[in-house]
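Residues per chain, in single letters:
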Amino acid sequence: MIPLLEEHLELVDELCRVSRRAYDRGLVAGTGGNMSIRIPGTKSVAITATGVALDAVTRDSVIVVDFDGKVIEASPGLRPSKETPMHLAFYKLRPQVSAVLHVHPPFATALTLGSCEMPLMTIQAKLNLKRVPVVPVAKPGSADLAELAGSAASLNPESRVVGLGEHGIITAADSAWTAYYLSDLAEENAKVVLLSRLAAMT
């Protein structure tokens, strides 16, 4: 077990549980998606390892990096998610953010295709998501993607969810569970949007 994480086992275990819930819920498939939490009192975050499916995340597969993305502590052979720069962009921009979740929910992802903003149709989505900007397509794990997502969050301070062109969504919140519930809500809203479009065609 990584020494720094031993001081925050409750948060680490929450990250593991939320990661598994996101996978079981169908918000991500295969080894896609990643999650992180801010380590209180430090300028560092704990993030899931690359190549580890979210349903297989354990204490030993969580890695600590600093705000520059440098690995502080990791189990042998593991590397942090390639989306670490995108996660760090949100932590640097919003001091109140404690958790970041990036997933690939199919319906929400469909609404990132060729759109600059995700429509919000349900009252719950309007009240809780406020606004979901969608950034252009960029290579996964690239500095461009991190910059685009961070810029969208900066320009839309009320937004806690940002759509990534052809690449799912990223959610920043005050806790791991809140990040999960907002992601799930975004997916539910997307289903309603697409079903309403289908109904309009009949």
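Read on for an overview of the structure. (Residues numbered from 1 in each chain as written. Predicted model: local features only at pLDDT ≥ 70, side-chain atom pairs only at ≥ 80, totals over all residues. Heavy atoms only, no water.)

Brief notes about the overall build of the protein
Formally: In this description a helix means any DSSP run of H or I spanning at least four residues, a strand means any run of E spanning at least two, and both kinds are numbered starting from the N terminus. Here a residue-residue contact requires only that any non-hydrogen atoms of the pair lie within 4.5 Å. For the area figures, the Shrake-Rupley method with a 1.4 Å probe applies, and any residue is considered shielded solely by the protein chains shown. Neither His nor the chain ends is counted toward charge; the positive residues are Lys and Arg and the negative residues Asp and Glu. To locate a charge, take atom NZ for lysine, CZ for arginine, CG for aspartate or CD for glutamate.
From N to C terminus, the protein includes seven helices and nine strands. Dimensions of the protein along its principal axes, counting C-alpha atoms only, are 60 × 30 × 30 Å. Taking all contacts inside the protein whose residues are at least 6 apart in sequence as the whole, residues at least 24 apart take part in 64%. Summing over all exposed atoms, the protein offers an accessible surface of approximately 9,300 Å²; the carbon and sulfur share of this is 55%. Each charge class in the protein can be summarised by its mean position, and for the 19 positive and 21 negative side chains these summaries are 4 Å apart.

Thoughts on the pairing of strand β8 (residues 161-164)
Every regular strand shows the same layout, with side chains that alternate between the two sheet faces. To keep it simple, the criterion reads: Exposed residues in this analysis have more than 50% of their type's maximum accessible area, buried residues have under 20%, and partly exposed residues fall in between, with area computed by a 1.4 Å probe over protein chains only. Here a strand pair is declared whenever DSSP counts at least two bridges between the two strands.
Both faces of β8 are covered, namely the face carrying Val161 and Gly163 and the face carrying Val162 and Leu164. The pairing of strand β7 (residues 132-135) with β8 spans two bridges and is parallel. Counterpart to valine 135 in the pairing with β8 is leucine 164.

Regarding the sheet that holds strand β4 (residues 71-73)
The test is simple: Fitted lines through C-alpha atoms serve as axes, helices being fitted only where they are in contact, and the angles separating the N-to-C directions of these axes extend from 0 to 180 degrees.
A sheet is described by the order of its strands in space; here nine strands give the open sequence β4-β3-β2-β1-β5-β9-β8-β7-β6, paired in mixed fashion. Every interior strand has two partners, whereas the edge strands, β4 and β6 (117-118), have only one. Against the sheet, helix α6 (residues 143-155) engages β7 and β8, with an angle of about 140 degrees to β8. Helix α7 (residues 176-200) rests against β1 (34-38), β5 (99-103), β8 and β9 (169-173) of the sheet, and its axis sits at about 140 degrees to β9.

Regarding unusual backbone geometry
In the Ramachandran plot, lysine 130 falls in the positive-phi region, its phi being about 65 degrees despite a non-glycine side chain. Structurally, lysine 130 can be placed in the loop between α5 (123-128) and β7. Non-glycine residue glutamate 166 carries a positive phi angle of around 60 degrees. Position of glutamate 166 among the secondary structure elements: in the loop between β8 and β9.

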